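Reading the structure
Here is what each chain is made of, one letter per residue.
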Amino acid sequence: MKPLAILFATSEMAPWVKTGGLGDVAAALPAALHRAGHDIRVLLPAYPALKKAFPTAPAVAEIPALAPGLPACRLLAAQDGGLPLLLLDCPALFDRPGNPYLDANGDDWTDNAIRFGLLSRVAALIGQAASPLAWQADVVHCNDWQTALAPAWLHYEGGAASVVTVHNIAFQGCFGRDTLGVLGLPEHAWRFDHVEYHGQLSFLKAGLQLASQLSTVSPTYAREIQDEHFGYGLAPLLRHRAGDLRGILNGVDTGIWNPATDPALAAGYAANRLAAKRANKTALQAEMGLEVCADRPLFGVISRLTHQKGLDLLLTVGAGLAQLPAQLAVLGSGDKAMEAGFRELAERFPGQIAVRIGFDEGLAHRIEAGADCFVMPSRFEPCGLNQMYSLRYGTPPIVRATGGLADTVVDVSADTLDDKTANGFVLDGDTPHALWVALERACQAWHDKRLWQRIQQNGMRRDFSWQQAAADYVALYRDALAPRH
Ligand code: ADP
């Protein structure tokens, strides 16, 4: 079949700018589609990290001011190992240090409507006959609210087919009504079944309403977001578009997340060479200031510390861990009260509980490898990457049965051990007690070395490569291009 011309529009891309799973997906999925022979280009803001990584990237297009509130900008062309990148260069909007969405105080940048309005507008333009490049996309693939407004222009003015992928529906990009004119959208777009959402303009709602096809990052989350409890107000719209919505489980970048070759680790290991994993536990205990011992399991956490991730449950039962006995290593940042709670826990149990507040890619790899078991009791989890990394690293995860966690983690039971799918522990409910029971079950299983090895190997042997997901996205693009029903 004919290769597709795809524009992948994103507000983050690992390793340069990453706040969560979208950054990893943006690094891996376009690369997989590129390898599959498609003509794909990634559009993202020329943040300082990208300017630094590609200092000589030439300007390939000058784009004039496209609306009263949108400044002129240009596109720089770069290549990431053969994958073409288009960097949206507008220093007034993107040349800022730190988090791509938040200022130094942790508040949203006040001009985010303009910043990501421009990103969305340019994404749409590259899918239109007026594309400033000698290239026009057949499909514009938008990701989360920051690029989800692009389908609006494609809908009103014509152009490429569009896809919106929801990586987290809790973030919706809502701004005042005046944003409509500021971004140059037509007055008639102000309808509840177009861009208007409870008196505001919502980027995400606009995209979910107007894109040709929709997806999210796991089959279970695709069902859940049609339910009021998970849909953050958008469930009715998603039920209305259920026929155009599918869940495609993210893959894992198996080059970066491979315990046999991971340069961050003290020792490489594999499913048939598990003994070498122990050296990573010892090294992690030493690095985190934990007592170096082999007689108790070490639980690991790598997470944004937010209500979504359910780590308040762990804070509630954390004091019991030392008595189990077990150890805990936490890496994360976010909610200040939660950060303080984990710090306090570590102070109460020195040598048994250790906490690092911050973002540290290398330490994240070492926790995946050095911990015995990974704790991820999320209240909702669109896909979740860390549980997949844990499975690959022989570090069975403890999860709630939600979203991508439900699609990847199989609770240990007689049946699932028999059919070789058992690979972790699933909470029965969302209470601290449910988490405690799961921690105890994991602890018990860990003491049975043969059982534990079977659970580890089941997880390590599961295929989480991007190949299947990339093929599913191509099918999604082809559906988006098919004449509308
Ligand atoms: P989300 O996107 O909701 O934050 P995911 O599990 O999908 O959750 O992806 C989180 C990604 O961010 C993973 O790659 C994880 O390793 C990484 N990550 C989260 N917090 C940290 C941290 N403090 N340090 C390093 N990596 C982190």
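Residues numbered from 1 in each chain as written. Predicted model: local features only at pLDDT ≥ 70, side-chain atom pairs only at ≥ 80, totals over all residues. Heavy atoms only, no water.

Moving on, we come to the sheet that holds strand β16 (residues 373-376). Within the open sheet, the six strands sit side by side as β15-β14-β13-β16-β17-β18. Their pairing is parallel. The open sheet has two edge strands with one neighbour each: β15 (353-357) and β18 (425-426). Sheet topology note: the strand β13 (residues 298-305)/β16 ladder contains two bridges and is parallel. The residue bridging F299 from the neighbouring strand is C373, located in β16. (Pairing = 2+ DSSP bridges. Helix = DSSP H or I, 4+ residues; strand = E, 2+ residues; numbered from the N terminus.)

Interhelical geometry of helix α1 (residues 21-35) versus helix α20 (residues 466-481) gives an angle of 75 degrees and a closest axis separation of 9 Å. Between α1 and α20, the crossing angle belongs to the class labelled roughly perpendicular. The residues of α20 that touch α1, namely those facing V25, A28, L29, A32 and L33, are W466, A470, Y473, V474 and Y477. A class-by-class count of the residues in the contact of α1 with α20 yields ten nonpolar, no polar and no charged. (Axes fitted to C-alpha atoms, helices over the stretch in contact; angles between N-to-C directions. Parallel < 35°, antiparallel > 145°, perpendicular 65-115°, else oblique. Contact = heavy atoms within 4.5 Å. Nonpolar A, V, L, I, M, F, W, Y, C, P; charged D, E, K, R; others polar.)

Moving on, we get to the pattern of salt bridges. Following the criterion strictly, the structure yields 19 salt bridges and no others. Residue R41 pairs with D39 through a salt bridge whose shortest N-O separation is 3.4 Å. Residue R41 is classed as partly exposed on the basis of its relative accessible area of 22%. Relative accessible area serves as the criterion here: at 30%, D39 is assigned to the partly exposed category. Salt-bridge contacts for R441 lead to D411; the nearest nitrogen and oxygen are separated by 3.1 Å. Remark: D411 occurs in the loop between α16 (403-408) and α17 (414-418) and R441 occurs in helix α18 (residues 432-447); sequence separation between them is 30 residues. Since its relative accessible area comes to 26%, R441 is described here as partly exposed. Looking at D411, the relative accessible area reads 25%, which means it is partly exposed. Through salt bridges with shared partners, one network takes in K18, D24 and E361. (Salt bridge = Lys/Arg side-chain N within 4 Å of Asp/Glu carboxyl O. Buried < 20%, exposed > 50% of the residue type's maximum accessible area, 1.4 Å probe, protein only.)

Our focus in this paragraph is the domain arrangement of the protein chain. Looking at the protein chain, the domain boundaries give domain 1 (5-251 + 466-481) and domain 2 (274-460). Between domain 1 and domain 2, the C-alpha centre-to-centre distance is 33 Å. Each partner contributes to the interface: domain 1 provides 18 residues, whereas domain 2 provides 19 residues. For the pair domain 1 and domain 2, the summed buried area comes to about 1,300 Å², and 60% of that belongs to carbon and sulfur atoms. If you sort the residues of domain 1 by the area they bury against domain 2, K18, T220 and L249 come out on top, with a joint share of 27%. Here domain 1 is connected to domain 2 by one salt bridge. (Domains from an automatic or database assignment. Buried area = accessible area lost by both parts, 1.4 Å probe.)

With that settled, the discussion passes to the packing of α18 against helix α19 (residues 449-460). Two elements in contact, α18 and α19, have axes whose closest approach is 5 Å; the angle formed by their N-to-C orientations is 110 degrees. What the angle tells us is that α18 and α19 run roughly perpendicular. Only K449, L451, W452 and I455 of α19 make contact with α18, whose side of the interface consists of A442, A445, W446 and H447. Within the contact of α18 with α19, the residues separate by chemical class into six nonpolar, one polar and one charged.

Strands sit in the order β8-β10-β9 across an open sheet of three strands; the sheet is antiparallel. Every other strand in the sheet has two partners, leaving β8 (174-175) and β9 (196-197) as the edge strands with one partner each. The pairing of β8 with strand β10 (residues 200-202) spans two bridges and is classified as antiparallel. Looking at the pairing, C174 lines up with S202 of β10.

Turning to the pairing of strand β11 (residues 213-216), a few remarks are in order. Look at any regular strand and the pattern is simple: side chains alternate between the two faces of the sheet. Neither face of β11 is open: one carries Q213 and S215, the other L214 and T216, and all of them are buried. The pairing of strand β7 (residues 161-166) with β11 spans four bridges and is classified as parallel. When the sheet's bridge partners are listed, V163 is paired in β11 with Q213. Summarising the sheet, β11 and strand β12 (residues 245-247) pair through three bridges and their orientation is parallel. If you follow T216 over to β12, its bridge partner there is G247.

A word on the environment of H307. Topologically, H307 is positioned in the loop between β13 and α12 (311-317). Not counting the four nearest positions on each side in its chain, H307 is found in contact with D312, M338 and R379.

In the region of the ligand, 20 residues are neighbours, and G21, D24, R304, K309 and G358 sit closest. Take R304: an N or O atom from its side chain is 2.8 Å from an oxygen atom of the ligand. For the ligand, the accessible surface in isolation is 560 Å², of which the surrounding protein chains cover 94%. Looking at the shell around the ligand, the elements that each hand over two or more residues are α1, β13, β14 (327-334) and α15 (386-392). If one sorts the elements of the shell around the ligand by residue count, β13 sits on top with three residues. Grouping the amino acids of the shell around the ligand by side-chain chemistry returns seven nonpolar, seven polar and six charged. Looking at which domains feed residues into the shell around the ligand, each of domain 1 (5-251 + 466-481) and domain 2 (274-460) gives three or more. (Near = heavy atom within 4 Å. Polar contact = N/O pair within 3.5 Å; in protein donor to acceptor, adjacent residues only side chain to side chain. Areas by Shrake-Rupley, 256 points an atom, 1.4 Å probe, with all protein chains shown as cover.)

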